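# Remarks on the overall topology
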Amino acid sequence: MKKEDVILCRCEDVTLKQLHDCFDEGYTTFEEVKRILRIGMGPCQASTCSLLVQREIAKYTKQPLDKVKTHVIRPLITGVPLGSIAKEAKDES
Amino acid sequence: MLKTTGVPDKALILTRFPDDVILGKPKAITECYEPIPCNPCETSCPFEAITVGEDINTPPKVDFDKCTGCGICVYNCPGLAIIVAQLKNDKAYFKIPYEFIPMPEVGETVHAINRAGEIIGEAKIEKVTLRKKQDKTALIDVSTNTELIHEFVTIRRMR
Amino acid sequence: MKHVDLLIIGGGPSGLAAAKMAAESGVSSLIIERDTKVGGQLVKQTHMFFGSEKQYAKTRGINIAEILINDCKEHDDKISYMTETTVVGLYPDYVVTVMDRNHKYSKIKANTILVATGASEKVLAFENNDLPGIYGAGAVQTLMNVHGVLPGQDVVMVGSGNIGLIVSYQLMQAGVNVKRVIEAASVIGGYKVHASKLKRLGVEITTNMTVKSAQGNGALESIVVQKLDDDWQFIPGTEEEISVDALCISVGLSPLSNLLSMVGCEMKYVSALGGNVPVIDHSHETTVPNIFVAGDVCGVEEASSAIVEGYYVGLIIGNRLGKTHPHYERLIQDFTQQLDNLRSGPFGEKTRSGLAQLRGEQHA
Ligand SMILES: Cc1cc2nc3c(=O)[nH]c(=O)nc-3n(C[C@H](O)[C@H](O)[C@H](O)COP(=O)(O)OP(=O)(O)OC[C@H]3O[C@@H](n4cnc5c(N)ncnc54)[C@H](O)[C@@H]3O)c2cc1C
Ligand code: SF4
Ligand code: SF4
């Protein structure tokens, strides 16, 4: 399989090869790979890739899928223009 | 194999057919073999001929004494799993559900199709019914050879 | 800041059903829906539904949506809507942040919150899986049944669950040639009545097979499929190339539960329920008090059960807010029974074991 042609995260264009390389360097939790590859940090906020990444981590670390720690979800679940947030803050005060 | 290909085995199909004498009158053949949560066949039959029962996962059972072959259950079944079959005047008659456009026309010759989707002969369109209450599922009356009584399941238009 | 009694996130069947029961109990609610109109997945379902008549069996999905929407209209004084508005944040002080179609960002505070966001389609990892022409089955359904656009002429469907089978049938109805349905498991996943219906049309269904790669210059031109053994490993030498201009992926749904993780609800990965789901009690309340869930977000199932769960939770929330439905006891019992009945067969086994796992119970 050409791992560099398998896209895991469409928003940030991260491939299976990049993820596996990251594992080989010792980063094997979702939070770690997220910080290095930006995987799951695009507009869809990991709705597409999270299960794929969890599955790869499970395979690599040889744990059952339900033992793999899921990534931390922070507000906001989709892109919001900063201007909109600023405007709201102004209107509220 | 129903489980791997979607085609029921002959033996399984035969469990849903009454004998040829009973088939002198039109009867409903319910090809619904698997327990799924569903019962519109039971609730739509005006003659209480189909029983699913309290547990709606039970596959339907037809009481051939009560079934008049009216075909109401045919277009009410969301699985399109019911046909009405009859042996009469050296021909096999069927009522089948149909959801494709354009609709076939009365008198048209069409392919007779078996459960594997293969052409097994010819059939003739006898009647096309599509009333408002049928909610877009047409009921088509079609005739074909008697030998196809256990094989025929639907039609395909010749192009 | 706007303040409401009950805030419902998601206007699918479960959200609408909950709004109706809450309204009958005397509770006002606000439904926030990111789509242009409410109805959820139902608005693209042109096929007749299963279930019993209580859950509108044999009615087409799109017409069930109509029924639920009209029911809500009868409570116009109690139910209000914000469509084309996405909930982007959910906070422990019961504040949600929303963004509307004009990118206007605002906050709403609620006494109780029902998260009914449904589920999203799972994706598959294979070579060149980002080529144009590769779609999720739900996306194809939206394209075809809502917008009247065909995804292509020659299609292969990956996945033989109900959605894969139903969408294949609808593709054939639209005049698209479904070349094959492939399934990685050794048996067909969905109802056999749907499989038989497709087979009659001449569509091949092949089990123990998956897609290995996609090829094409700028857009999809062909795929390579390969047989799998019972441990889901590729069997060498069984590759087969199929020319297609569209590939439809239907390998399941996973609960859209990210708002719940965000607010700190305890979550659990339960594969029988589709992925990360909130830990709930029998009243469908999460571990964060006054935040409730209903429908696919707490376990991927069917519209029939999503509707009944919605009704059930609507009653509970009414009661919680001190407004008890006049027929509370009877209805709770009725809905509980309906859910049990829907889930009692072999297809409900997954849900039953998943729920038991979620609630930390032993499952027989
Ligand atoms: C192809 C297909 C065929 C199906 N066939 C059947 C069938 O035959 N029988 C059956 O019973 N079921 C069927 N189902 C399943 C059924 O459609 C779902 O189980 C049901 O719609 C779930 O209802 P829900 O209310 O939980 O979620 P949904 O219907 O998914 O509704 C959730 C709503 O929430 C909105 N939303 C999500 N996130 C946000 C947010 N952050 N802010 C604002 N709004 C948000 C979404 O836009 C959506 O409108 C089918 C599903 C599919 C895809
Ligand atoms: S054909 Fe008519 S009488 Fe016979 S089972 Fe169907 S609905 Fe009932
Ligand atoms: S209505 Fe059709 S699919 Fe449903 S139980 Fe009856 S025969 Fe089976």
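All figures in this text were calculated on a predicted structure; none of them were measured in a lab.

### Quick notes on the site of ligand 1
Taken together, 34 residues sit near ligand 1, with C:Ser14, C:Glu33, C:His47, C:Asp296 and C:Ala303 positioned nearest. Surrounding ligand 1 are residues belonging to chains A and C, so the site spans chains. Measuring from an oxygen atom of ligand 1, one finds a side-chain N or O atom of C:Ser14 at 2.7 Å. Separating a nitrogen atom of ligand 1 from a backbone N or O atom of C:Val87 is a distance of 2.9 Å. Protein burial of ligand 1: of its 1000 Å² of free accessible surface, 96% is covered by the chains. Breaking the shell around ligand 1 down by element, the ones donating at least two residues are helix 1 (13-25), strand 4 (86-91), helix 4 (162-173) and helix 7 (303-320) of chain C. Counting residues domain by domain, the shell around ligand 1 receives three or more from each of domain 1 (2-120 + 253-358) and domain 2 (123-249) of chain C.

### Observations concerning helix 4 of chain C
All names here are of chain C. Taking 1.5 Å as the rise per residue, helix 4 with 12 residues should run 16 Å; its terminal C-alpha atoms sit 16 Å apart, in good agreement. Counted residue by residue, helix 4 has 10 buried out of 12 residues, so it is predominantly covered. Those residues of helix 4 lying buried are Asn162, Gly164, Leu165, Ile166, Val167, Ser168, Tyr169, Gln170, Leu171 and Met172. Looking at the buried positions of helix 4, the neighbouring elements they touch are helix 3 (137-146), strand 9 (154-158), strand 10 (177-182), helix 5 (192-200) and strand 11 (204-206).

### Topic: the sheet that holds strand 6 (residues 109-113) of chain B
Residues and elements named next belong to chain B. If you walk across this open sheet you meet the seven strands as 1-4-5-8-7-6-9, and the pairing is antiparallel. Each end of this open sheet is capped by a strand with a single partner; those strands are strand 1 (27-30) and strand 9 (154-156). Between one strand axis and the next, the sheet turns through 40° on average, direction left out of account. Here strand 6 runs beside strand 9; their pairing, made up of three bridges, is antiparallel. Opposite histidine 111, over in strand 9, you have arginine 156 as the bridge partner.

### A word on empty space enclosed by the protein
According to the stated counting rule, one finds five cavities of 30 Å³ or more in the structure shown. Volume-wise, the largest cavity comes out at about 130 Å³. If you trace the largest cavity, you find 20 residues lining it, with B:Cys32, B:Cys38, B:Cys41, B:Pro60 and B:Cys77 closest to the centre. Per-class residue counts for the lining of the largest cavity are 14 nonpolar, five polar and one charged. Here the second largest cavity defines a volume of roughly 100 Å³. Every residue along the wall of the second largest cavity is listed here: B:Leu2, B:Pro8, B:Glu31, B:Cys32, B:Tyr33, B:Ala81, B:Arg115, B:Val153, C:Lys192, C:Val193, C:Ser196 and C:Arg200. Here the element with the most residues in the lining of the second largest cavity is helix 5 of chain C; it accounts for four residues. Its residues assigned to classes, the lining of the second largest cavity shows seven nonpolar, one polar and four charged.

### Section: the sheet that holds strand 8 (residues 134-136) of chain C
All names here are of chain C. Sheet architecture is open: five strands sit in the order 8-15-9-10-11, paired in parallel fashion. Lying at the two open borders of the sheet, with one neighbouring strand each, are strand 8 and strand 11. Recorded for the sheet is a direction-independent mean angle of 25° between the axes of neighbouring strands. Relative to strand 10, strand 9 runs parallel, the two sharing five bridges. Residue pairing across strands places methionine 157 opposite valine 181, the latter belonging to strand 10.

The rules behind the values
Residues numbered from 1 in each chain as written. Chains lettered and ligands numbered in written order. Predicted model: local features only at pLDDT ≥ 70, side-chain atom pairs only at ≥ 80, totals over all residues. Heavy atoms only, no water. Near = heavy atom within 4 Å. Polar contact = N/O pair within 3.5 Å; in protein donor to acceptor, adjacent residues only side chain to side chain. Areas by Shrake-Rupley, 256 points an atom, 1.4 Å probe, with all protein chains shown as cover. Helix = DSSP H or I, 4+ residues; strand = E, 2+ residues; numbered from the N terminus. Domains from an automatic or database assignment. Expected span 1.5 Å × (residues − 1). Buried < 20%, exposed > 50% of the residue type's maximum accessible area, 1.4 Å probe, protein only. Contact = heavy atoms within 4.5 Å. Pairing = 2+ DSSP bridges. Axes fitted to C-alpha atoms, helices over the stretch in contact; angles between N-to-C directions. 1 Å grid on protein atoms, 1.4 Å probe; cavity = no way out; pocket = protein on both sides within 12 Å on 5 of 7 lines; lining within 4 Å. Points joined across faces, edges and corners; volume = space filled by probe spheres on them. Nonpolar A, V, L, I, M, F, W, Y, C, P; charged D, E, K, R; others polar.

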